[in-house]
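Chain by chain, the residues:
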Amino acid sequence: MGYVYDADNIFAKILRGEIPNDTVVETEHALAFNDIAPQAPVHVLVIPKGPFVNWDHFVTAAAAEEIAGFARALHQVIEKLGLEPGVGGQGYRLIMNAGEAGVQDVQHLHAHILSGRVLGPLIERA
Ligand code: 5GP
């Protein structure tokens, strides 16, 4: 089954400038902004500018330049915030939720970058 993108989702409104955001990085293909309800001292969301519901939709439907642009934008945030472990940063956790089991609330692909403290176990048991 294919994906149907809802252009009324909150991140689409952010991309159209209808809702303000606290931008960290903006590139041709992606926007990164601080999460409105941070779960860690660093909590940045990175989204592609194209209309993609989740990772699976994105990697099967997006142009190669969009996929590379999104991946590079993630790194730009990590670099800008000094998080890269290989060059003295404290590291980070990258999360993409998808679907019901992943508990994806906003139906526009987004990666969470979390850091600023030791984050502990990967997930909590329900
Ligand atoms: P999900 O559960 O879909 O993976 O994550 C959605 C994330 O979007 C949540 O962490 C939530 O706090 C964040 N969020 C929801 N609405 C807004 C908003 O209007 N602005 C910002 N900056 N973040 C939002």
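Residues numbered from 1 in each chain as written. Predicted model: local features only at pLDDT ≥ 70, side-chain atom pairs only at ≥ 80, totals over all residues. Heavy atoms only, no water.

Novice: Can you walk me through the site of the ligand in this structure?
Specialist: Close to the ligand lie 17 residues; D35, N97, D105, H110 and H112 are nearest. Take N97: an N or O atom from its side chain is 2.8 Å from an oxygen atom of the ligand. Protein chains shield 83% of the accessible area of the ligand, which is 520 Å² for the free molecule. Among the secondary structure elements, those contributing two or more residues to the shell around the ligand are α1 (10-15), β2 (30-34) and β3 (42-48). Considering each element in turn, the shell around the ligand owes the most residues, 3 residues, to α1. (Near = heavy atom within 4 Å. Polar contact = N/O pair within 3.5 Å; in protein donor to acceptor, adjacent residues only side chain to side chain. Areas by Shrake-Rupley, 256 points an atom, 1.4 Å probe, with all protein chains shown as cover. Helix = DSSP H or I, 4+ residues; strand = E, 2+ residues; numbered from the N terminus.)

Novice: Please explain the nonpolar core as it appears in this structure.
Specialist: One recurring pattern in soluble globular proteins: nonpolar side chains tend to sit buried together. If you look at the biggest cluster of nonpolar residues, it comprises 19 residues, and the most contacted ones within it are A32, V44, V46, F70, V77 and I113. Sort the elements by how many residues they give to this core and helix α3 (residues 64-80) lands first, with 5 residues. Those residues in contact with V77 that sit more than four places away from it in its chain are V24, V25, A32, V44, V46 and I113. Counting 7 residues, the second largest nonpolar core, distinct from the first, contains F11, I14, I47 and V106. (Core = buried A, V, L, I, M, F, W, Y, C linked by side-chain atoms within 4.5 Å. Buried < 20%, exposed > 50% of the residue type's maximum accessible area, 1.4 Å probe, protein only. Contact = heavy atoms within 4.5 Å.)

Novice: Would you mind showing me how to read the sheet that holds strand β1 (residues 23-26) here?
Specialist: What holds strands together in a sheet is hydrogen bonding between their backbones, with the strands either parallel or antiparallel. Sheet architecture is open: 5 strands sit in the order β1-β2-β3-β5-β4, paired in antiparallel fashion. Each of the sheet's edge strands pairs with one partner strand only, and the pair in question is β1 and β4 (93-95). Recorded for the sheet is a direction-independent mean angle of 20° between the axes of neighbouring strands. As paired strands, β4 and strand β5 (residues 111-115) are joined by 3 bridges and run antiparallel to one another. Residue R93 lies in a different strand from β5, and its bridge partner there is L114. (Pairing = 2+ DSSP bridges. Axes fitted to C-alpha atoms, helices over the stretch in contact; angles between N-to-C directions.)

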